[in-house]
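Tertiary structure, described
If you want the building blocks of each chain, they are given just below.
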Amino acid sequence: MPEKETIERAREDAREGKSPSTQAGEFVREEIHHIREGKHGASSTQQAIAIGLSKARRAGVKLKPPKKGTTSEETRRAAARDTRKARSSGRKKTSFRRSRAMLKRLRREGRSAASPQALARQARSASAKKAARTKGPARRRAAAKKAARTRARRG
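Cut-offs applied
Residues numbered from 1 in each chain as written. Predicted model: local features only at pLDDT ≥ 70, side-chain atom pairs only at ≥ 80, totals over all residues. Heavy atoms only, no water. Axes fitted to C-alpha atoms, helices over the stretch in contact; angles between N-to-C directions. Helix = DSSP H or I, 4+ residues; strand = E, 2+ residues; numbered from the N terminus. Parallel < 35°, antiparallel > 145°, perpendicular 65-115°, else oblique. Left-handed = near helix turned anticlockwise from the far one by under 90°. Contact = heavy atoms within 4.5 Å. Nonpolar A, V, L, I, M, F, W, Y, C, P; charged D, E, K, R; others polar. Patch = residues over 30% accessible without salt bridge, like charges linked within 9 Å, V, L, I, M, F, W, Y side chains within 5 Å. Areas by Shrake-Rupley, 256 points an atom, 1.4 Å probe, with all protein chains shown as cover. Salt bridge = Lys/Arg side-chain N within 4 Å of Asp/Glu carboxyl O. Lys, Arg positive; Asp, Glu negative; His and termini not counted. Charge placed at Lys NZ, Arg CZ, Asp CG, Glu CD.

Helices that pack against each other are described as a pair by the angle of their axes relative to one another and the distance between those axes. Two elements in contact, helix H2 (residues 20–36) and helix H3 (residues 45–58), have axes whose closest approach is 8 Å; the angle formed by their N-to-C orientations is 130°. Taken together, the axis directions place H2 and H3 in an arrangement best described as oblique. Remark: the crossing between H2 and H3 carries right-handed chirality. In contact with Ala24, Phe27, Val28, Glu30, Glu31, Ile32, His34 and Ile35 of H2, H3 contributes Ala48, Ile49, Ile51, Gly52, Leu53, Lys55 and Ala56. In terms of residue class, the contact of H2 with H3 is made up of 10 nonpolar, two polar and three charged.

Next up, the structure:
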């Protein structure tokens, strides 16, 4: 269950008109903090990010499942399931045994997945480079303008 502050920060991002991925970033950030403070571990940086994105979807962030061919069918199904879970009003409580088993499993994982080096490696990954490349000059320019407006407003 995400912390109240995280949900509030994500809602604030939504009110400010920020993209769903920015809103979801708050949940990923929380997950990284959990690992760093020793609440639990993760087998990889990707797993830590995936847990955060799943929490975001379940909290109601309108984050689309990954495109076909970019990830496994199982991952796409899980993302769609998380989105459905957010829409359904009947929130069934996870069984105590299952939640405890999952936490025990995560606690046995390492903590290095949230290290600054691991996160830097993830940020420089091929997919991040591709995202920067495929944005195109027009959208890059629009993003730069938006960033400048934001800086001017906050400055």
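Moving on, we come to the packing of H3 against helix H6 (residues 116–123). Contact geometry of H3 with H6 gives a least axis separation of 10 Å together with a crossing angle of 80°. In terms of orientation, H3 lies roughly perpendicular with respect to H6. Contacts between H3 and H6 pair Thr45, Gln46 and Ile49 from the former with Ala118, Leu119 and Gln122 from the latter. Broken down by class, the residue content of the contact of H3 with H6 amounts to three nonpolar, three polar and no charged.

There is a patch of like positive charges on the surface, built from Lys64, Lys67, Arg121, Arg124, Lys129, Lys130, Arg133, Lys135, Arg139 and Arg140. Elements supplying a minimum of two residues to the positive patch: helix H7 (126–134) and helix H8 (137–154). If you tally residues by element for the positive patch, the top one is H7, at three residues. Here Lys135 lies in the loop between H7 and H8.

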